[in-house]
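Listed below are the residues making up each chain.
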Amino acid sequence: MGKERIAFIGTGVMGASIIKHLLQNGHEVAVYTRTKEKAQPLMALGASWASSPAEAFKDKDIALTMVGYPADVEEVYFGDNGLFQTAEAGNIVIDMTTSEPTLAKKIYAHARTLTVEALDAPVSGGDIGAQNGTLSIMVGGNKTTFENVLPVMSHFGANIVYQGEAGAGQHAKMCNQIVISSGMIGVCESLAYGLKAGLDLPTVLASISSGAAGSWSLSNLAPRMIKEDYAPGFYIKHFVKDMKIALDEAKKMGIMLPGLALAYDMYEKLMDAGYGDNGTQTLIKSYK
């Protein structure tokens, strides 16, 4: 593949950084987001504005989507002004939203009726990974299609792994979110314990971050907790959505995930307290 013409739907915390990488690597990018003002910095860098997903995808090769919720994904693809309205044979659509595996399969099946290929490719790594172009990307769909778009994904991803058929990328992302959800409880409890014991928390992190307790959350989010920096690298409201999807899928499969259920309950309480637009590191407030 060469310098593909790309439609990008959603210019949030991670989406904006991904678009910058695409522009820097010579791709023509048309963007759509609900609030045009949010796209102005990207337009200044060379992106073009579209008034709908359908318009953004017209005469393009690939569509990348990163929106909030499964309902948003459904609208972006199947709505009256959705991507499928202007999709052409040979196009590729790639949903990077963390969404429902069943919806990923629905998109894939409908795309095939249009001779379009679809991949579900949720990402992990937050705002930092998007800025640095080091996102982890979990991909489901046709393997040949995956191999064809690897050069494009490599502009913003460092760990790009094919997981299997349609929906497999979303299931892999659920595995990722399950680890993070319980791990965030551990990070918060460690800091709460260290603080109560009278320790200097940055010094504690210097010891435990590189040992057996090390994790991405410990290295990247614990320092934000200490500084009381609750700006979102990843929104609580989106994390709650992800955990609910994982719990629903677990129920369908007949398995119990008590650690995930506890984290979901704690984050739901933060949502109720008005912290939905804060970053996931705000969980530390539950211990203060």
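Now for a quick tour of the structure. (Residues numbered from 1 in each chain as written. Predicted model: local features only at pLDDT ≥ 70, side-chain atom pairs only at ≥ 80, totals over all residues. Heavy atoms only, no water.)

1. Considerations on helix α1 (residues 15–24)
Reasoning step 1: Judged by how many residues are buried, α1 sits mostly within the fold: 8 of 10 residues are covered.
Reasoning step 2: Taken residue by residue, α1 has Gly-15, Ala-16, Ser-17, Ile-18, Ile-19, His-21, Leu-22 and Leu-23 as its buried positions.
Reasoning step 3: Of the residues flanking the end of α1, it is Gly-26, one or two places downstream, whose phi is positive at about 85°. (Buried < 20%, exposed > 50% of the residue type's maximum accessible area, 1.4 Å probe, protein only. Helix = DSSP H or I, 4+ residues; strand = E, 2+ residues; numbered from the N terminus.)

2. Considering the side chain of Glu-117
Reasoning step 1: Locating Glu-117 in the fold gives a position in strand β6 (residues 117–120).
Reasoning step 2: Among the polar contacts made by the side chain of Glu-117, one reaches the side chain of Thr-145 at a distance of 3.3 Å.
Reasoning step 3: Ignoring sequence-local partners within four residues, the contact set of Glu-117 consists of Asn-91, Ile-92, Val-93, Tyr-108, Ala-111, Arg-112, Asn-142 and Thr-145. (Polar contact = N/O pair within 3.5 Å; in protein donor to acceptor, adjacent residues only side chain to side chain. Contact = heavy atoms within 4.5 Å.)

3. Topic: the nonpolar core
Reasoning step 1: Counting residues in hydrophobic clusters, the biggest one holds 32 residues, and the most contacted among them are Phe-8, Ile-94, Met-96 and Met-153.
Reasoning step 2: If you list the elements that add at least two residues to this core, you get β1 (5–9), α1, β2 (28–32), β4 (62–65), β5 (92–95), β8 (135–141) and α7 (143–153).
Reasoning step 3: With 5 residues, α1 is the largest single contributor of residues to this core.
Reasoning step 4: Excluding residues within four positions of it along the chain, Met-153 makes contact with Ile-94, Leu-119, Ala-121, Ile-137, Val-139 and Ile-160.
Reasoning step 5: Residues Met-174, Cys-188, Ala-222 and Met-266 belong to the second largest nonpolar core, which totals 27 residues. (Core = buried A, V, L, I, M, F, W, Y, C linked by side-chain atoms within 4.5 Å.)

4. So, the pairing of β1
Reasoning step 1: Burial of β1 is extensive: 4 of the 5 residues sit out of reach of the surface.
Reasoning step 2: Sheet topology places β1 next to β2; 5 bridges connect them, and they run parallel. Bridge assignment links Ile-9 to a residue of β2, and that residue is Tyr-32.
Reasoning step 3: After leaving β1, the chain enters α1 and then returns to the sheet as β2, a path that is right-handed. (Pairing = 2+ DSSP bridges. Right-handed = clockwise from strand over helix to strand, strands pointing away.)

5. Description of unusual backbone geometry
Reasoning step 1: The backbone of Thr-115 sits at a positive phi, close to 60°, despite the residue not being glycine.
Reasoning step 2: Secondary-structure assignment places Thr-115 in the loop between α5 (101–113) and β6.
Reasoning step 3: Exposure remark for Thr-115: the relative accessible area of 55% places this residue in the exposed category.
Reasoning step 4: The phi angle at Glu-228 is positive, at roughly 55°, despite the residue not being glycine.
Reasoning step 5: Within the secondary structure layout, Glu-228 lies in the loop between α11 (222–226) and α12 (236–253).
Reasoning step 6: Using a relative accessible area of 51% as the deciding quantity, one classes Glu-228 as exposed.

These figures capture arrangement, not role.
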